[in-house]
Amino acid sequence: MTFSPKKPWHETSEALQAVMDRTWKELKDAEPRRQYLGGSIVGRDCEREIAYQYHATPMDEGRTGFSGQLYRIFDRGHVGEERVAKYLRAAGFELVTERQDGRQFGFKALGGRFAGHIDCVVLSGPPVPGLDYSKPALWENKILNNKSFGDLWNHGLKKSKPVYYTQANLYMAYMELEQALFTAENADNCEIYAEVLQIDTANAQAMSDRAVRIVQSSEPEELPRVAGDRTDYRCKFCDYRERCWKVPAAPATPKPAWLR
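Attention here is on the structure that accompanies the text. (Residues numbered from 1 in each chain as written. Predicted model: local features only at pLDDT ≥ 70, side-chain atom pairs only at ≥ 80, totals over all residues. Heavy atoms only, no water.)

1. Thoughts on the pairing of strand β8 (residues 192-198)
Alright, step 1. Pairing of strand β7 (residues 179-186) with β8, which is carried by seven bridges, proceeds in the antiparallel orientation. Pairing of L181 across the sheet is with V196, part of β8.
Alright, step 2. Turn length for the β7-β8 hairpin, with the two strands adjacent in sequence and antiparallel, is five residues, and the turn residue C190 shows positive phi of about 65°. (Pairing = 2+ DSSP bridges. Helix = DSSP H or I, 4+ residues; strand = E, 2+ residues; numbered from the N terminus.)

Dropping the structure here:
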């Protein structure tokens, strides 16, 4: 956030954030990477981009991945999930966040190479339109900025946030649940969004098939790009854009015999 004219405390703020973000990025980048394809990313636009991540492909030169600030935004989401769960419990919802042995709820498939962990399961609570307490429901929560929250509010989960929609359907399918309560909190004013989903089996099957293709691929280039041209807006910020669109060098033209 930048204002003009610049004040002394702006310089202090920028310096403090810079050192926080630099050190936090170093710590997060050093963490061991996932050894599996996560259900939370399978719904992204480009199948090949997901495969690049799954195969731990080095990013293009000059690309550095997530910034320290973005890592902190992810952290805010994790803390926000715990906070919203606290509010739900206070309102009378019965939430189960782990198995009896203390392990987080989740699933593994394809020999452990495809997996996901869910926020929790709703067993009972106050009346909520569309929610049937005769059967358990998946609960997924996100923390969104005001613009993203507004788009979700206006268009619903399937249209506004297809990645989250796919995540919910995959989790329902693999956890053998028929319904989900998806909630989101507006980070600016703490407004709450809630939508009850019934499992979309077609979406779950299509994305499960995609996961199989990615996990069984030998290299990312076996899988399709989302776009037909590198100038497509969906390719603009991809960390693998140069590699993906690299054109193989044309074979050298043999010299005529009289020049050899």
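2. A look at helix α2 (residues 47-54)
Alright, step 1. The buried fraction of α2 amounts to six of the eight residues, a majority that puts the element mostly inside the structure.
Alright, step 2. Along α2, the positions that sit buried rather than exposed are E47, R48, I50, A51, Y52 and Y54.
Alright, step 3. Those residues of α2 that are buried are in contact with β1 (37-38), α6 (201-216) and α7 (241-245).
Alright, step 4. The first or second residue beyond α2 is A56, which carries a positive phi of 55°. (Buried < 20%, exposed > 50% of the residue type's maximum accessible area, 1.4 Å probe, protein only. Contact = heavy atoms within 4.5 Å.)

3. Focus: the packing of helix α5 (residues 162-175) against α6
Alright, step 1. Close contact between α5 and α6 brings their axes to 8 Å; oriented N to C, the two are set at 90°. In terms of axis orientation, α5 runs roughly perpendicular to α6. Seen from α5, the contacting residues are Y165, T166, N169, L170, A173 and Y174; seen from α6, they are N203, A204, M207 and S208. (Axes fitted to C-alpha atoms, helices over the stretch in contact; angles between N-to-C directions. Parallel < 35°, antiparallel > 145°, perpendicular 65-115°, else oblique.)

4. Quick word on the packing of α2 against α6
Alright, step 1. Close contact between α2 and α6 brings their axes to 9 Å; oriented N to C, the two are set at 50°. One element, α2, and the other, α6, form an angle in the oblique class. Classified by chirality, the crossing of α6 by α2 is right-handed. Contacts between α2 and α6 pair E47, I50, A51 and Y54 from the former with R210, R213, I214 and V215 from the latter.
Alright, step 2. Looking at the contact of α2 with α6 residue by residue, the classes come out as five nonpolar, no polar and three charged. (Left-handed = near helix turned anticlockwise from the far one by under 90°. Nonpolar A, V, L, I, M, F, W, Y, C, P; charged D, E, K, R; others polar.)

5. What to know about the state of the cysteines
Alright, step 1. Taken as a whole and judged by the stated rule, the model has zero disulfides.
Alright, step 2. C46 takes part in no disulfide bond, and the closest cysteine sulfur to it belongs to C244, at a distance of 6.0 Å.
Alright, step 3. Of all cysteine sulfurs in the structure, the one in C46 sits closest to C235, which takes part in no disulfide; the separation is 6.4 Å. (Disulfide = S-S within 2.5 Å.)

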